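# Structural description and commentary
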Amino acid sequence: MRRFHLAAVLLGVVVLLPIAAAAAAAAAAKAPAAPPGPPNVTTAMAKGGCKAFADLIAASPDAASTYQSAAGGGMTVFCPSDDAVRAFMPKYKNLTAEGKAELLLFHAVPVYYSRGSLKSNNGVMNTLATDGSAKNYNFTVQNEGDVVTIKTAASDDVARVKSTVLDTDPVAIFTVDAVIEPVELFKPAPSPTPAPAPAPAADSPKAGKAAHHPAPAVADAPGPAASDSPPADQKKESKKSAAAGAPCVRWFAAALTAAVAVAVASTLA
Ligand SMILES: *[C@@H]1O[C@H](CO)[C@@H](O)[C@H](O)[C@H]1NC(C)=O
Ligand SMILES: *[C@@H]1O[C@H](CO)[C@@H](O)[C@H](O)[C@H]1NC(C)=O
Ligand SMILES: *[C@@H]1O[C@H](CO)[C@@H](O)[C@H](O)[C@H]1NC(C)=O
């Protein structure tokens, strides 16, 4: 019986494994030929009323390569109309090359939403410009009646989704009537400044003028001191228990001796 099992296992390893490997290899060899390839997104945008925006993408190597590689994995683009881009150009020209690329990538999300599913997928969406929590680059999609709008905290204005340029899984491209401004590049002016102020104010009563330096020093000081003291205490503690242990052993030995003596005495008596 056991020998039969062994034979079955060996058969599996020797015969079936190579067959499985061959099948996997065949599938891998087949794979590159199968997909028809994503559409050229800048060409599609240019044809659909976003020529100016497509030109900006083409002029930014980072944005162009990210757009094209994202297209294969599913993507929805909100491309501003030519009028919207024209109105925005003074602000755009003010951005650094990195800021320009991020603004362009901010206009696409790495998920395919058909026109219909876009209406039911309200809420905050990450974009191609999102990079962890350091660069949120998100916007909020909302419905206003029948119109889908896109909003950020950088502006009270919303961008409205207008026409459909392309809507074929895995890529959708919709035009919007305004450039969407990310808070990472266009902060609504005064709000960020008051936030850091309370921190030094809270420290200053304790540490005085140089609030920042003494604070870490004070915070660090108890650290090493605290980590030093427990070992010292533990040493004392263990010494104490060793000292306490010695009399204990002596007491036990004495008691044992006494018990033996009593037993011997009673036997003799
Ligand atoms: C898309 O088309 C444009 C214009 O024809 C071309 O310059 C660009 O290289 C194409 N992009 C890709 C990824 O094929
Ligand atoms: C461009 O930047 C300059 C300097 O920061 C600023 O004064 C100007 O208002 C900016 N222009 C636009 C259109 O944002
Ligand atoms: C969206 O971005 C803002 C600021 O850029 C951030 O505070 C917020 O947590 C982000 N929301 C989500 C759901 O990621």
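Values in this document were obtained by computation on a predicted structure and should not be read as measured data. (Residues numbered from 1 in each chain as written. Chains lettered and ligands numbered in written order. Predicted model: local features only at pLDDT ≥ 70, side-chain atom pairs only at ≥ 80, totals over all residues. Heavy atoms only, no water.)

### Considerations on the site of ligand 1
Formally: One heavy atom within 4 Å of a molecule or strand is enough for the residue carrying it to be called near that molecule or strand. Polar contact is defined as a pair of N or O atoms within 3.5 Å, subject to the rule that within protein one atom must be able to donate a hydrogen and the other to accept it, and that residues adjacent in sequence are counted only when both atoms are side-chain atoms. Note on areas: these come from Shrake-Rupley sampling with a 1.4 Å probe, and a residue is covered only by the protein chains present in the view. Just so you know the grouping, Ala, Val, Leu, Ile, Met, Phe, Trp, Tyr, Cys and Pro go in nonpolar, Asp, Glu, Lys and Arg go in charged, and all remaining residues, Gly too, go in polar.
If you check the shell around ligand 1, you find N40, T42, T43 and Q68 and nothing else. At 2.3 Å from an oxygen atom of ligand 1 is found a side-chain nitrogen or oxygen belonging to N40. Taking 360 Å² as the accessible area of ligand 1 by itself, protein coverage stands at 30%. Across the shell around ligand 1, the residue classes tally to no nonpolar, four polar and no charged.

### Considerations on the packing of aromatic side chains
Spelled out, the test is: Side-chain rings of Phe, Tyr and Trp, where Trp is taken by its six-membered ring, are said to pair if the distance between their centres is within 6.5 Å; with planes under 30 degrees apart they count as stacked, over 60 as edge-to-face, and otherwise as tilted. Under the DSSP-based scheme used, a helix requires at least four consecutive residues in state H or I and a strand at least two consecutive residues in state E, with every element numbered from the N terminus.
Enumeration over the complete set of coordinates arrives at five aromatic pairs. Measuring from centroid to centroid gives 5.9 Å for F78 and F139, while their planes differ by 85°, and the two rings are edge-to-face. You can see F78 sitting in strand β1 (residues 75-80) and its partner F139 sitting in strand β4 (residues 138-144), a full 61 residues away along the chain. Put simply, the rings of F78, F106, Y137, F139 and F174 pair up and form one aromatic cluster.

### What about the confidence of the model for the chain?
Formally: Confidence scores labelled pLDDT are given residue by residue by the predictor and lie between 0 and 100. Should any heavy atoms of two residues lie within 4.5 Å, those residues are counted as being in contact.
When pLDDT is averaged along the chain, the result is 74; 57% of the residues meet or exceed 70. A low-confidence stretch, residues 6-21 (pLDDT under 50), is modelled with four contacts involving residues beyond four sequence positions or located in other chains.

### Observations concerning unusual backbone geometry
Cis geometry marks the peptide bond from D169 to P170, where omega comes out at 15°. Note on placement: P170 falls in the loop between β6 (159-168) and β7 (171-176). For Y137, which is not a glycine, the phi torsion comes out positive at approximately 40°. Here Y137 lies in the loop between β3 (123-126) and β4.

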